[in-house]
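# Structure assessment
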Amino acid sequence: MDVSAEAKRIMAVSISKLYASRAQRGGMRLHRSLLLSVIMRSARDLYHSACLAKEREELGTAHLVPVTPEEDAMDTTANGEQVEVEVSQVEPEPESPLTPPIQEPMSSDSGAAQGACKTRTFSGKETVEDKENRSPVSPDRHSRKRRGKASVAPDFLPSKRARLSLELGEERVLRTGRRNCCRAGDAFTTLSLNSNRAIAAF
Amino acid sequence: MVGVGRLVREGVRGSEQARTSRSHDSVSSFHRPLARVHNPTNKPGNRARIPLAMAGAGGGSNDVQWCFSQVKGAIDDDVAEADIISTVEFNHSGELLATGDKGGRVVIFQQEIENKSQPQCRSEYNVYSTFQSHEPEFDYLKSLEIEEKINEIRWLPQKNAAQFLLSTNDKTIKLWKISERDKRPEGYNLKEEDGRYIDPNTVTALRVPVFRPMDLMVEASPRRVFANAHTYHINSISINSDHETYLSADDLRINLWHQEITDRSFNIVDIKPANMEELTEVITAAEFHPHQCNTFVYSSSKGTIRLCDMRASALCDTHSKLFEEPEDPSNRSFFSEIISSISDVKFSHNGRYMMTRDYLSVKIWDLNMENRPVETYQVHEYLRSKLCSLYENDCIFDKFECCWNGNDSVVMTGSYNNFFRMFDRGQRRDVTLEASREGSKPRQVLKPRKVCADGKRKKDEISVDSLDFNKKILHTAWHPQDNIIAVATTNNLYIFQDKMN
């Protein structure tokens, strides 16, 4: 099963749990919300890395460089709150014991607090060491198995993504082929912002 | 006392008990149950004589077999939410057993005096007192309802005829006094027996009122209410060995109280970050050391335990010791960060060890070694491959408790399908037992259960997929001196005892 689809599913489950806990008797539980946000962050990172792995396969390494400044454009020109939150998202990651295998593409950049999107660096390795989301043909991952197109942006995601890109008036490079994947990924970032704000509301 | 008598027969030495009690000379004016209790050593030589609280797998005469004794609670499957048991605690002598539920009620059971005609039976626990400890409240400022669920009950050491306990919900701790009344004054001159006043003009003779026996009445009255000290949800309370103070811990802070003073508490730990968005861990449990009144520990959602010494500074944000085991990279998975969250921490009775419970395992730590636990026991390792489903059905957030037996030789914790597990530290054996109505004939011996992780299921084994994850045992308690255990399923309390040979 596709790692990115699994990560998306976990994200959806986490978001619904987070929203459901608002209506819970006794109020939102800080511990539970924290664990949910940890899972969401991991799922988001997993999704990003799975997306990027697909991109890499589809487009080849020649197109990698323009990606980073574009993400920067989104992150650094965003309003201060977004940047601040993304910085704080990255900070805990070096301390997290989860960092090494799953976030391998991220780990080399986790020190640079430029925002979660930017932490996507490209290493030669797949990230899939987690047993949870192992696809049935995992030994063949590196091989010739052709990846399908990244799926359409999930429809459960709010339209914040559209609003942000309108606000920032960003120029998108290399829209085709990567559009759906990146859009969904960025929307994940937005949703993780929401989860962090949920905790900040305590 | 029933329990102590049996332990003496089974070889616990009195001199070792005295060594334990000498260490806390601070309070000696009254009898402390601790002094009677524990064989503090874990030396191999002593262990052989201590009854092994394991269901005999065809073992020798030393093996203890667990039998059903009693079950309390409604039989029907339709569980009212208010009846869900949320905490179980024996008092220091083991004579009283308190349970708290989601509806804010506390029910106390008392062990009856042993029936001389039937020496095979230990006495039963019967209801002693029931009272409503906490009511639902509403925080108008935050527009939040405050649940009345009792999160924890802790008994105070007995000082006089009355019993005292602390019970807490998410926000407020209450000190309850439970006292007996078995006499009442009769023969007033100006008052009838039912309380109506007599017209003084009709009184022709005077008499002195006297106390006459009456039916035993157990009264519970709130003596102190400790409120408004916690912004977050209280998860633990722990009474200090100085018998004057206690601590209460919520997600981010730990407060120190004096038992007599309700309008003031001292904050001794505060891990709230300046920016809440930088929050990475919360406090999940806290406990005072059983003998050192300056020492306490608190566990975190990241799987670490910090030991703090209150003599070092007023604010114990800096730990004296940090207990953390490096993660096993081969066990790394998507959910491994959240299953490392510690749900319970308990000191051993002798104060040399502490036990922590995370989602899949129980770990025993030597207080002198911080870099890894001395023992690790897998509770239900077969769930490791099911973590994704357990996340979806919320079971991964279940907070299991754990407990020691009286002499620290066996530890116990709960699992799913109404199973509970015991680990014998000395014998390196473990057993899985089930709390169910099917096994509930009087003195019926519990049969060990086995969960089959792979597909090759043997007879009498249960496969992982047929486990009922709605039947979870989160709360267990062990009598401090005897082989009697209280195991709480969702809304029933089971009491098991060892088979008397």
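Whatever comes next refers back to the structure up there.
Treat the numbers as computed from the prediction; the structure is a model and nothing was measured. (Residues numbered from 1 in each chain as written. Chains lettered and ligands numbered in written order. Predicted model: local features only at pLDDT ≥ 70, side-chain atom pairs only at ≥ 80, totals over all residues. Heavy atoms only, no water.)

### Some details on the overall build of chain A
Test applied: Elements are defined by DSSP. Helices are runs of H or I of four residues or more, strands are runs of E of two residues or more, and each kind is numbered from the N terminus. Between buried and exposed lies partly exposed: a residue is buried under 20% and exposed over 50% of the maximum accessible area for its type, with that area taken using a 1.4 Å probe on protein chains only. Should any heavy atoms of two residues lie within 4.5 Å, those residues are considered in contact.
Of regular secondary structure, chain A possesses 9 helices and 0 strands. Ordered by position from N to C terminus, the α and β elements of chain A give α-α-α-α-α-α-α-α-α. Among the 202 residues that make up chain A, the fraction classed as buried is 53%. Counting contacts in chain A only where the partners sit at least 6 residues apart, residues at least 24 apart contribute 79% of the total.

### Focus on the overall build of chain B
Stated precisely, the cut-off is as follows: Accessible surface is estimated by sampling points in the Shrake-Rupley manner with a 1.4 Å probe; for residues, cover comes only from the protein chains shown.
Looking only at helices and strands, chain B features 6 helices and 32 strands. Within chain B, the proportion of its 501 residues that are buried is 55%. Excluding contacts between residues fewer than 6 apart, the proportion of contacts in chain B whose partners are at least 24 apart in sequence is 55%. Accessible surface, chain B as shown: approximately 22,500 Å² in total, 49% of it carbon and sulfur.

### Here we look at the sheet that holds strand β15 (residues 266–270) of chain B
Residues and elements named next belong to chain B. Heads up, the condition is: Being paired, for any two strands, means DSSP has found at least two bridges between them. Lines fitted to the C-alpha atoms define the axes, with helices restricted to the stretch that makes contact. Angles between their N-to-C directions range from 0 to 180 degrees.
Strand order in the open sheet made by the 4 strands is β12-β13-β14-β15, with antiparallel pairing throughout. Looking at which strands have only one partner, the edges of the open sheet turn out to be β12 (236–239) and β15. Going across the sheet, the axis of each strand differs from the next one's by a mean of 20°, ignoring polarity. Across 5 bridges, the pairing between strand β13 (residues 245–249) and strand β14 (residues 253–258) is antiparallel. Bridge pairing in β14 links S248 to N255.

### Looking at the packing of helix α1 (residues 3–22) of chain A against helix α2 (residues 30–59) of chain A
Residue and element names in this part refer to chain A. Just so we agree on the cut-off: Should an angle fall under 35 degrees it is called roughly parallel, over 145 degrees roughly antiparallel, and 65 to 115 degrees roughly perpendicular, with every other angle called oblique. By definition, turning the near helix anticlockwise from the far helix through less than a right angle yields a left-handed crossing, and turning it clockwise yields a right-handed one.
The contact between α1 and α2 brings their axes to 8 Å, and the two run at 155°. As judged from the angle between their axes, α1 and α2 are roughly antiparallel. In this structure, the crossing between α1 and α2 has a hand that is left-handed. Mapping the contact onto sequence places V3, S4, A7, K8, I10, M11, S14, I15, K17, L18 and S21 in α1 and R32, S33, L36, I39, M40, A43, R44, L46, Y47, A50 and K54 in α2.

### Focus on the pairing of strand β32 (residues 493–498) of chain B
All names here are of chain B. Counting buried positions along β32 yields 6 of 6 residues, so the element is predominantly enclosed. Burial of β32 is two-sided: the residues L493, I495 and Q497 facing one way and the residues Y494, F496 and D498 facing the other way are all buried. As defined by bridge partners, strand β1 (residues 66–72) adjoins β32 across 6 bridges and the pair is classed as antiparallel. Residue pairing in the sheet places K72 in a bridge with L493 of β32. Between strand β31 (residues 484–488) and β32, which pair antiparallel in sequence order, lie 4 residues.

### Overview of the pattern of salt bridges
The condition that has to hold: The rule for a salt bridge is simple: a side-chain nitrogen of Lys or Arg has to be within 4 Å of a carboxyl oxygen of Asp or Glu.
Per the counting criterion, the structure on display carries 35 salt bridges over all chains. Residue E260 of chain B pairs with R224 of chain B through a salt bridge whose shortest N-O separation is 2.5 Å. With E260 of chain B in the loop between β14 and β15 and R224 of chain B in strand β11 (residues 210–226), this pair connects stretches of sequence that are 36 residues apart. A salt bridge links E375 of chain B to R425 of chain B, with the shortest nitrogen-to-oxygen separation between them at 2.9 Å. On the criterion of sequence distance, the pair formed by E375 of chain B in strand β23 (residues 375–378) and R425 of chain B in the loop between β26 (419–424) and β27 (429–434) is long-range, its members being 50 residues apart. For E375 of chain B, a relative accessible area of 10% gives the class buried. With relative accessibility at 7%, the residue R425 of chain B sits in the buried group. In the salt-bridge network here, residues are joined through shared partners; they are E6 and R9 of chain A together with E392 of chain B.

### Concerning the environment of F400 of chain B
Residue and element names in this part refer to chain B. Mapping F400 onto the fold places it in the loop between α6 (387–392) and β24 (402–404). Taking the C-alpha atoms as reference, F400 lies 8.9 Å from K472; in sequence the two are 72 residues apart. When neighbours within four sequence positions are excluded, F400 is seen to be in contact with S343, D344, R357, Y359, H380, T413, G414, S415, Y416, I473 and L474.

### Quick notes on the layout of surface pockets
Residue and element names in this part refer to chain B. Put simply, the rule is: Here the term cavity refers to a set of points on a 1 Å grid, laid over the protein atoms alone, in which a 1.4 Å probe fits but cannot get out; the term pocket refers to an open set having protein on both sides within 12 Å along at least five of seven lines, with lining residues being those that place an atom within 4 Å of a point. Grid points are joined across faces, edges and corners, and a volume is the space filled by probe spheres set on the points. Charged residues are taken to be Asp, Glu, Lys and Arg, nonpolar residues to be Ala, Val, Leu, Ile, Met, Phe, Trp, Tyr, Cys and Pro, and polar residues to be all remaining types, Gly included.
If you add up the space inside the second largest pocket, you get close to 540 Å³. Considering the residues around the second largest pocket, the lining is formed by 23 residues, among which E325, E327, D328, S340 and K363 are closest to the centre. At the level of elements, α5 (336–339), β22 (361–366) and β23 are the ones that each hand at least two residues to the lining of the second largest pocket. Taken together, the residues of the lining of the second largest pocket sort by class into 6 nonpolar, 8 polar and 9 charged.

### Here's the deal with unusual backbone geometry
Residues and elements named next belong to chain B. Although it is not a glycine, D408 sits at a positive phi angle of roughly 65°. Here D408 is to be found in the loop between β24 and β25 (410–414). The phi dihedral of R428 is positive, around 55°, even though this residue is not glycine. Note that R428 resides in the loop between β26 and β27. Classification of R428 as exposed rests on a relative accessible area of 54%.

### Comments concerning the sheet that holds β1 of chain B
Two pairing modes exist for strands in a sheet, parallel and antiparallel, and in both the strands are linked by backbone hydrogen bonds. Residues and elements named next belong to chain B. Strands sit in the order β1-β32-β31-β30 across an open sheet of 4 strands; the sheet is antiparallel. Each end of this open sheet is capped by a strand with a single partner; those strands are β1 and β30 (475–478). Taken over all neighbouring pairs, the strand axes of this sheet differ in orientation by 20° on average, direction set aside. Sheet analysis places β31 next to β32, joined by 5 bridges and oriented antiparallel. Across the sheet, the residue bridging to V487 is Y494, located in β32.

### Things to note about α2 of chain A
Residues and elements named next belong to chain A. Put simply, the rule reads: Take the number of residues in a helix, subtract one, and multiply by 1.5 Å to get its expected span.
Its 30 residues give α2 an end-to-end C-alpha distance of 42 Å, which sits within 8% of 44 Å, the value for a rise of 1.5 Å per residue. Judged by how many residues are buried, α2 sits mostly within the fold: 26 of 30 residues are covered. Among the residues trailing α2, G60 stands out with phi positive, at a value near 85°.

### Description of the packing of aromatic side chains
All names here are of chain B. Quick reminder of the rule: Any two of the Phe, Tyr and Trp rings considered here, Trp counted by its six-membered ring, make a pair once their centres fall within 6.5 Å; the pair's planes then place it as stacked at under 30 degrees, edge-to-face at over 60, or tilted in between.
Scanning all chains against the criterion turns up 21 aromatic pairs over all chains. Arranged with centres 5.0 Å apart and planes meeting at 25°, the rings of Y377 and F423 form a pair that is stacked. Highlighted residues: Y377 in strand β23 and F423 in strand β26, separated in sequence by 46 residues. The same class applies to Y377 as to F423, namely buried. Centre to centre, the rings of F400 and Y416 are 5.3 Å apart; their planes meet at 90°, and the pair counts as edge-to-face. A residue pair is termed long-range when its members are at least 10 positions apart, and F400 in the loop between α6 and β24 and Y416 in the loop between β25 and β26 qualify at 16 residues. The same class applies to F400 as to Y416, namely buried.

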